[in-house]
Amino acid sequence: AQKVTQAQTEISVVEKEDVTLDCVYETRDTTYYLFWYKQPPSGELVFLIRRNSFDEQNEISGRYSWNFQKSTSSFNFTITASQVVDSAVYFCALRSYNTDKLIFGTGTRLQVFP
Amino acid sequence: DVKVTQSSRYLVKRTGEKVFLECVQDMDHENMFWYRQDPGLGLRLIYFSYDVKMKEKGDIPEGYSVSREKKERFSLILESASTNQTSMYLCASNPGGVGGYNEQFFGPGTRLTVL
């Protein structure tokens, strides 16, 4: 069975702190895709990044970076120098190669205080 | 940019009413999805559609039905609303085809309250 675990329900930090959101997944497939979405208070899920199972290269986009490690089945997300605008719920999701269905984690609520 | 719109941001209905939630996408996507989001449970798939008039049950289809008469529009129907269907409903779409990333694009959500 496929599963995505986001063990951190809620994280609170002060602005400019670095924060890492954890994502651990389970799948028996060799080909799969991983995603991160951000849900700000407005409600709409915003796509952030995608990765396929053959691409373990870490990625950096501005203050955001992602660390994909197949050996530990993890796809963690780090925000450097957090800002108040980063306050949102963040979801990690998994999709197998042979389906269009996404399996979501339960989300991590990040609160960044000024 | 992909645009997914939902007919209402907030909706209040009474128990037993028939409720329609509408979703429209403007990117000619093959697939459309309906999810509900509840605290501590994340997003759970209710139904999805991979073509006009085609649908497939998700993880929690009980109490819901769907309709897709046109490619761009996907409706979620609560035949007889109940209080346990109070939730945030999110619509999404993606291009389709099992190869490739096919990330889903989401609408703003409809927060439904059933009294």
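Residues numbered from 1 in each chain as written. Chains lettered and ligands numbered in written order. Predicted model: local features only at pLDDT ≥ 70, side-chain atom pairs only at ≥ 80, totals over all residues. Heavy atoms only, no water.

Moving on, we come to the overall build of chain A. When helices and strands are tallied, chain A shows zero helices and 12 strands. Taken from the N to the C terminus, the helices and strands of chain A come in the order β-β-β-β-β-β-β-β-β-β-β-β. Along the longest, intermediate and shortest principal axes, the C-alpha atoms of chain A span 45 × 25 × 20 Å. Taking contacts inside chain A between residues at least 6 apart in sequence as the whole, the part at least 24 apart equals 56%. Accessible surface for chain A amounts to roughly 5500 Å². Of this, 48% is attributable to carbon and sulfur atoms. Charged side chains in chain A number 11 positive and 13 negative. The centres of these two groups are separated by 5 Å. (Helix = DSSP H or I, 4+ residues; strand = E, 2+ residues; numbered from the N terminus. Contact = heavy atoms within 4.5 Å. Areas by Shrake-Rupley, 256 points an atom, 1.4 Å probe, with all protein chains shown as cover. Lys, Arg positive; Asp, Glu negative; His and termini not counted. Charge placed at Lys NZ, Arg CZ, Asp CG, Glu CD.)

By way of backbone hydrogen bonds, the strands of a sheet pair with one another, either parallel or antiparallel. Residues and elements named next belong to chain B. If you trace the four strands from one edge of the open sheet to the other, you get β1-β3-β8-β7, paired in antiparallel fashion. Every other strand in the sheet has two partners, leaving β1 (4-6) and β7 (65-70) as the edge strands with one partner each. For this sheet the average axis-to-axis angle between neighbouring strands, irrespective of direction, equals 20°. (Pairing = 2+ DSSP bridges. Axes fitted to C-alpha atoms, helices over the stretch in contact; angles between N-to-C directions.)

Now for the packing of aromatic side chains. Residue and element names in this part refer to chain B. In this structure the tally under the stated criterion is 21 aromatic pairs over all chains. Ring geometry for Phe33 and Tyr35: centres 6.3 Å apart, planes at 25°, overall stacked. Classification of Tyr35 as buried rests on a relative accessible area of 0%. (Phe/Tyr/Trp six-rings, centres within 6.5 Å; stacked < 30°, edge-to-face > 60°. Buried < 20%, exposed > 50% of the residue type's maximum accessible area, 1.4 Å probe, protein only.)

This part is about the pairing of β7(B). All names here are of chain B. Here β7 pairs with strand β8 (residues 73-78) via four bridges, running antiparallel. Directly across from Val66, in β8, lies its bridge partner Leu76. Hairpin connection, β7 to β8: the antiparallel pair is bridged by two residues.

Here the focus is the state of the cysteines. Taken as a whole, this structure holds two disulfides over all chains when the rule is applied. One disulfide bridge connects Cys23(A) with Cys92(A), the sulfur atoms lying 2.0 Å from each other. Looking along the S-S bond of the Cys23(A)-Cys92(A) disulfide, the torsion reads about -65°, which is the left-handed sense. Taken together, the residues span a long stretch of sequence, with Cys23(A) in the loop between β3 (19-21) and β4 (24-26) and Cys92(A) in strand β10 (residues 88-96) at a distance of 69 residues. Pair check on accessibility: Cys23(A) and Cys92(A) agree, each one buried. Each sulfur in the disulfide pair Cys23(B) and Cys91(B) lies 1.8 Å from the other. Here Cys23(B) and Cys91(B) share a disulfide; its torsion about the S-S bond, -80°, makes the bridge left-handed. Of this pair, Cys23(B) sits in strand β3 (residues 19-25) while Cys91(B) sits in strand β9 (residues 87-94); the two residues are 68 residues apart in sequence, bridging distant segments of the chain. Each member of the pair, Cys23(B) as well as Cys91(B), is classed as buried. (Disulfide = S-S within 2.5 Å.)

A complete count under the given rule lists 11 salt bridges over all chains for this structure. Notably, a salt bridge pairs Glu103(B) with Arg50(A), separated by 2.8 Å at the nearest N-O pair. Residue Glu103(B) is located in the loop between β9 and β10 (105-106), and its partner Arg50(A) is located in strand β6 (residues 46-52); the two belong to separate chains. With relative accessibility at 11%, the residue Glu103(B) sits in the buried group. With its nearest N and O atoms 2.8 Å apart, the salt bridge here joins Arg44(B) to Asp38(B). Residue Arg44(B) is classed as partly exposed on the basis of its relative accessible area of 25%. (Salt bridge = Lys/Arg side-chain N within 4 Å of Asp/Glu carboxyl O.)

Now for the nonpolar core. Residues and elements named next belong to chain A. Formed by 23 residues in total, the largest nonpolar core has its most connected members in Trp36, Phe75, Phe77, Tyr90 and Leu110. Every element with two or more residues in this core is listed here: β2 (10-14), β3, β5 (32-39), β8 (64-69), β9 (74-79), β10 and β12 (108-113). With four residues, the single largest contributor to this core is β10. (Core = buried A, V, L, I, M, F, W, Y, C linked by side-chain atoms within 4.5 Å.)

Frequently, the measure chosen for interface size is the accessible area removed from exposure when the parts meet. Listed by partner, the interface residues are 28 residues for chain B and 23 residues for chain A. Inspection of the region where chain B meets chain A yields two salt bridges. Between chain B and chain A we count six residue pairs in polar contact (both at pLDDT 80 or more) in total. Elements represented by at least two residues in the side of chain B that touches chain A include exactly β4 (31-38), β5 (42-51), β6 (54-57) and β9 of chain B. Of the residues belonging to the side of chain B that touches chain A, the class tally is 12 nonpolar, 12 polar and four charged. (Polar contact = N/O pair within 3.5 Å; in protein donor to acceptor, adjacent residues only side chain to side chain. Nonpolar A, V, L, I, M, F, W, Y, C, P; charged D, E, K, R; others polar.)

Worth remembering: the numbers are spatial, not functional.
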